[in-house]
Amino acid sequence: VGGASLLIALLAGVRSGYFARLVEDPPARWKAGVAGVALGCLLGATLATKTPPVTQGNLLVLAVDSMRPDIIEGDEAFPNFAAIANDSAVFDDAYTVMARTFPSWVSMLTGQYPHTHGIRHMFPSPQNLARPRASVISALRARGYRTAVISDFAGDIFSRIELGFEEVRVPRFTLWSNVALGGLKLHYHLLPYVLNALGASRNFPLLKLWERLADPSALTDEVWRWIANGDGRPFALVVFYSAAHFPYAVPYPWYASETHADYDGPSRYHKAAWVDSNRAPGEEEQAQALALYRGGLRATDAAVGDLVSRLKDAGLYDTTSLVVTADHGENLYEDGFGIGHGDHLRGTVSTRIPLYLKPAGAISARRVPNTVRSIDLGPTLARLGGVALPAAEGSSLLALAAGKTRASDPPVFFETGLWFLNPEAQVLENRTLPFMSGFGSFTVDPDTKDIYLDPALEDDFLVAKHRAVLQDGWKLAYVPTRDKVRWELYDTAHDPLEQTDVAEKNPDRVDVLKPMLRGFILADPEMHPLADWFVPRHVR
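The paragraphs below set out a description of the structure included in this document. Note that the coordinates shown come from a computational prediction; the quantities given were computed from them, not determined experimentally.

## Description of the pattern of salt bridges
Moving on, step 1. Within this structure, the stated rule accounts for 24 salt bridges.
Moving on, step 2. For the salt bridge of Glu 166 with Arg 233, the shortest nitrogen-to-oxygen distance reads 3.1 Å. Here Glu 166 is found in the loop between β3 (146–151) and β4 (167–169), whereas its partner Arg 233 is found in the loop between α12 (216–228) and β5 (235–241), with 67 residues between them in sequence.
Moving on, step 3. A residue is classified by how much of its surface remains accessible, and Arg 233, at 28% relative accessible area, is partly exposed.
Moving on, step 4. Between Asp 450 and Arg 172 there is a salt bridge, and its shortest N-O distance comes to 3.0 Å.

Here you go:
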């Protein structure tokens, strides 16, 4: 019996004991107390095991922050992701259009590139956030779906923007919440014992914001409570797990599932910060970071398996269209890439994402080799839910999932995010336009206490962005620096880590891709060319 059931049982026992005092006979008093506890346990168990209504046409998106497909696929340590893949169309060449959580999610749910929907980094202004945006969730809600997003610390972005969710069960990131959380963090030796007894997400929602307390199993429990309390409407639910996000801190036993017992460095329970961008930490620290990251993925795999098992037991698995994906991948010190995501566009480990699609009912599981984009998810969900998403720049993937072919794949365009912290990436040496001074580059809304980028820096941010286009195995990158603009070309088929710029040897390929990338950059209504750079239109 769960914690709620135990509490009900204890309260019932206390209450029955009170009435038992009216009974003079001690055995009768004892029997009354036991009966009260038993009744409470029965009632609590009934509430804890409520059966959800079986609804048709449900949509469930299970996303894992920073999850890399090359890590989970073909590895016996992730059996539940493999089981879903065996029921799904698996897109082997899927990419996020921006490897930062906030812009990536808005792109997925609107089907638009960041310059269209306007969320270009993690800290947009209140005025930007107030802009109306048409998302697939809004359309599904208007059609009668019960909609929600449930997440832990990485999902705070959903609390800051209106995307149509009827319920938003995520922590809120503000100046106030960070100050309040800082007070709780002072008691980090005591908190694990308190939270195990009382539960974190249900009774202390602020603690969902703490990046060291991500617990995929607790999130699955919260998700199941939401599903079990359905009202008969089909649901459209986004679940976003954070355990694989930096600093890769997960509960026991998962934090130790991949690590070496003899490790005695600063990253025993979570990845310690590393601030020297001129060199990477030693091999032991790099191995520990990878092990912790894998531990986060293993914990999430187990939690996802538990959720799928509950869906099957309730008769909901076959009536639910299921998507497994990620907002972006993760650099884990490969060949000077540093750690994290969104700082540069070299390689594919931070931009390539898993994408499994299992429509409701039966589908012939297959591998889909076509190149697809995260902006294709919104139109795909719209088609599954029978709604329209007319402003989307992506396209539905249902035909590809069903085995149809297309003559050619559209190009994928990428852009970088903010460098508000010193990126640990050697590949960025002499390849940036520095314009920020850490946390001093942010301001706070006096009413909401939301934190956002100083508006005076927005122009510099747009000028400094790297952009790239990928098509047919070739990637061309636009890299602005103080003295010149670099146009770098990589043959991704033969050089997947993109170590060698082959622009000079392949001028014909540059001539094909450069107009495409220029056209993408100038499709942003804010931008125009100035010499070799691209700058906001009001800049002369």
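## So, empty space enclosed by the protein
Moving on, step 1. Taken as a whole and judged by the stated rule, the model has five cavities of 30 Å³ or more.
Moving on, step 2. Taken as a whole, the largest cavity encloses approximately 90 Å³ of empty space.
Moving on, step 3. Lining the largest cavity, in full, are His 344, Leu 345, Arg 346, Val 427, Leu 428, Arg 431, His 466, Ala 477, Val 479 and Glu 488.
Moving on, step 4. The residue inventory of the lining of the largest cavity, partitioned by class, reads five nonpolar, two polar and three charged.
Moving on, step 5. In this structure, the second largest cavity spans a volume of roughly 50 Å³.
Moving on, step 6. In this structure, the second largest cavity is lined by Pro 53, Thr 55, Arg 146, Ile 227, Gly 230, Gly 232, Arg 233 and Phe 235.
Moving on, step 7. Here the residues of the lining of the second largest cavity are counted per class, giving three nonpolar, three polar and two charged.

## Regarding the packing of aromatic side chains
Moving on, step 1. Under the defined criterion, the tally for this structure stands at 16 aromatic pairs.
Moving on, step 2. Taken together through their ring pairs, the aromatic side chains of Trp 105, Phe 158, Phe 165 and Phe 240 make up a single cluster.
Moving on, step 3. Taking the ring centre of Trp 226 as reference, the NZ or CZ of Arg 146 above it sits at 3.6 Å.
Moving on, step 4. One residue, Lys 312, lies across the ring of Tyr 317, its end atom 4.8 Å from the ring centre.

## Looking at the pairing of strand β12 (residues 412–415)
Along any regular strand the residues' side chains alternate between the sheet's two faces.
Moving on, step 1. Burial of β12 is two-sided: the residues Val 412 and Phe 414 facing one way and the residues Phe 413 and Glu 415 facing the other way are all buried.
Moving on, step 2. By the bridge criterion, four bridges tie β12 to strand β15 (residues 467–471) in an arrangement that is antiparallel. Note that in β15 the partner of Glu 415 across the bridge is Arg 467.

## Let's talk about the sheet that holds β15
The strands making up a sheet associate through hydrogen bonds between their backbones, and the pairing can be parallel or antiparallel.
Moving on, step 1. Sheet architecture is open: four strands sit in the order β12-β15-β16-β17, paired in antiparallel fashion. This sheet does not close on itself; its edge strands, each paired only once, are β12 and β17 (485–491). Direction aside, the axes of adjacent strands within the sheet are offset by 15 degrees on average.
Moving on, step 2. Relative to β17, strand β16 (residues 474–480) runs antiparallel, the two sharing seven bridges.

## Here's the deal with the layout of surface pockets
Moving on, step 1. Estimates place the volume of the second largest pocket at around 1,400 Å³.
Moving on, step 2. Around the second largest pocket, the lining comprises 43 residues; the ones closest to its centre are His 245, Phe 246, Phe 420, Leu 421 and Phe 439.
Moving on, step 3. Taken together, the elements giving at least two residues each to the lining of the second largest pocket come down to α9 (175–185), β8 (339–340) and β13 (442–444).
Moving on, step 4. A total of five residues in the lining of the second largest pocket trace back to one element, the largest contributor, which is α9.

Parameters at a glance
- Residues numbered from 1 in each chain as written.
- Predicted model: local features only at pLDDT ≥ 70, side-chain atom pairs only at ≥ 80, totals over all residues.
- Heavy atoms only, no water.
- Salt bridge = Lys/Arg side-chain N within 4 Å of Asp/Glu carboxyl O.
- Helix = DSSP H or I, 4+ residues; strand = E, 2+ residues; numbered from the N terminus.
- Buried < 20%, exposed > 50% of the residue type's maximum accessible area, 1.4 Å probe, protein only.
- 1 Å grid on protein atoms, 1.4 Å probe; cavity = no way out; pocket = protein on both sides within 12 Å on 5 of 7 lines; lining within 4 Å.
- Points joined across faces, edges and corners; volume = space filled by probe spheres on them.
- Nonpolar A, V, L, I, M, F, W, Y, C, P; charged D, E, K, R; others polar.
- Phe/Tyr/Trp six-rings, centres within 6.5 Å; stacked < 30°, edge-to-face > 60°.
- Lys NZ or Arg CZ within 6 Å of the ring centre and 35° of its normal.
- Pairing = 2+ DSSP bridges.
- Axes fitted to C-alpha atoms, helices over the stretch in contact; angles between N-to-C directions.

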